[in-house]
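Single-letter residue listing:
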Amino acid sequence: MSTYTNPVYPEYFADPFVWQHQDTYYAIGTGPAEATGQVDEIHQQRVFPLLQSNDLVNWQFAGNALQRPNPAWGDNFWAPEIAYSNGIFYLYYSVGHGDKNHQLRVATSSDPLGPYQDAGQSLVDPKNCAFAIDPSPFQDDDGQWYLFYAQDFLDTENGVRAGTALVVDRLLTMTQLAGDAKVVLRARHDWQRFLADRPMYGSVYDWHTLEGPCVRKYQHRYYCFYSGGRWETASYGVDYGIADQVMGPYSDDGNELGPRVLRSSPGKILGPGHNSIAISPAGQDYIVYHAWDMEMKARRMCIDRLVWTTAGPRCQGPTWTQQMM
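So, a few notes on the structure that sits alongside this text. (Residues numbered from 1 in each chain as written. Predicted model: local features only at pLDDT ≥ 70, side-chain atom pairs only at ≥ 80, totals over all residues. Heavy atoms only, no water.)

Here we look at the side chain of Asp-252
Within the secondary structure layout, Asp-252 lies in the loop between strand E18 (237-243) and strand E19 (270-279). Here Asp-252 occupies a buried position and makes no salt bridge, while the nearest side chain of opposite charge, Arg-188, is found at 5.5 Å. Side chain to side chain, Asp-252 and Tyr-226 meet in a polar contact 2.8 Å long. Here Asn-255 takes part through its side chain, which lies 3.3 Å from a polar atom of the side chain of Asp-252. (Helix = DSSP H or I, 4+ residues; strand = E, 2+ residues; numbered from the N terminus. Buried < 20%, exposed > 50% of the residue type's maximum accessible area, 1.4 Å probe, protein only. Lys, Arg positive; Asp, Glu negative; His and termini not counted. Salt bridge = Lys/Arg side-chain N within 4 Å of Asp/Glu carboxyl O. Polar contact = N/O pair within 3.5 Å; in protein donor to acceptor, adjacent residues only side chain to side chain.)

Right, here's the structure in full:
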């Protein structure tokens, strides 16, 4: 049996999204240049690092994916994900200026390694939604595609907290949303706090964050995994909501004391989160996520087994010692 030790890729690789095409695994994520807005010689041409693997454990760098689009949109590129439909690969991503004015866009390629060319229009009108990030496509059993993503909310009625939270919309085509987004989950607990007294939108808020949606259908129910809290702190971790219909309503009841799937391990692993899910060559579900080392030098890609229990999905991690696949 093969083994692995986290991280499975030694370089900075945040927000990892893994997909399998034919017999090859691919990963795309947010690199240090994309996260910081750094524009060096390489990133003047393409953004978003790509990796390849035959076994989900041993990864090789395979270039950058997206041909750099209009610089007026910003130079921070976050959390790319890929969908494959009718022979075309679709790269969903956000672009903006720092932590403000992020819009959702999509690019296309006939090859999983690109180059990907922006399709030419924003998925969500930036005039009506000033901050949208973390697009995650999901195809239901009937073939219909949906897009889950995160956006900002300022209301605090019925126990919800102001901040970034999750929504879903139906894709009319792979490059156009229906424009009828439904709320998936809102923050309700202290562990989901991003920052107290955060200046936002001309006021000051106790800001909370749910981000990084990843949806998996299991035994006729929809599980929306997400990351909550602040990505730079020990509070950050992975939890989930459950629904009987893809558009909801979703419930994440039971997480009052913290994230139930992945959480920091004191002195070992900090802030595990922003996950995708892949199936190993042996047919086992694995959660793919990033985590900080304790010195916070980089967010690096990790994998651990995802187990479906009677209490809900749980992860045998985060791990930092050698594991059996």
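Structure's up, so let's keep going.
Remarks on the packing of aromatic side chains
The final tally for this structure, using the stated rule, is 21 aromatic pairs. Pairing Phe-138 with Tyr-222 gives two aromatic rings, centres 6.1 Å apart and planes at 80°, and the pair type is edge-to-face. Here Phe-138 is found in strand E10 (residues 132-139), whereas its partner Tyr-222 is found in strand E17 (residues 221-228), with 84 residues between them in sequence. For the residue pair Phe-138 and Tyr-222, the accessibility class agrees, reading buried in each case. Ring centres of Tyr-218 and Trp-308 lie 4.1 Å apart, and the angle between their planes is 10°; this geometry places the pair in the stacked category. Linking Tyr-218 in strand E16 (residues 203-218) with Trp-308 in strand E21 (residues 299-309), this pair joins segments that are 90 residues apart in sequence. (Phe/Tyr/Trp six-rings, centres within 6.5 Å; stacked < 30°, edge-to-face > 60°.)

What to know about the side chain of Gln-192
Its place among the elements puts Gln-192 in the loop between strand E14 (182-185) and strand E15 (193-200). The buried category is assigned to Gln-192, whose relative accessible area is 0%. Setting aside chain neighbours within four positions, we find Gln-192 in contact with Ala-187, His-208, Thr-209, Leu-210, Tyr-226, Gly-228, Gly-229, Asp-252 and Asn-255. (Contact = heavy atoms within 4.5 Å.)

A short note on the pattern of salt bridges
For the coordinates displayed, the defined rule picks out 13 salt bridges. Between Lys-217 and Asp-141 there is a salt bridge, and its shortest N-O distance comes to 2.9 Å. Of the two residues, Lys-217 sits in strand E16 while Asp-141 sits in the loop between E10 and strand E11 (145-153), which places them 76 residues apart along the sequence. One salt bridge in this structure joins Arg-221 and Asp-244, with 3.2 Å as the shortest N-O distance.

Details of the sheet that holds strand E5 (residues 60-67)
Either a parallel or an antiparallel arrangement is found when strands of a sheet pair, and the pairing is made through backbone hydrogen bonds. Strand order in this open sheet of four strands is E2-E3-E4-E5, and the pairing throughout is antiparallel. The two strands at the open ends of the sheet, each matched to only one other strand, are strand E2 (14-21) and E5. Between one strand axis and the next, the sheet turns through 30° on average, direction left out of account. Here six bridges tie E2 to strand E3 (residues 24-30), and the two strands are oriented antiparallel to one another. For His-21, the partnering residue across the bridge sits in E3 and is Thr-24. (Pairing = 2+ DSSP bridges. Axes fitted to C-alpha atoms, helices over the stretch in contact; angles between N-to-C directions.)

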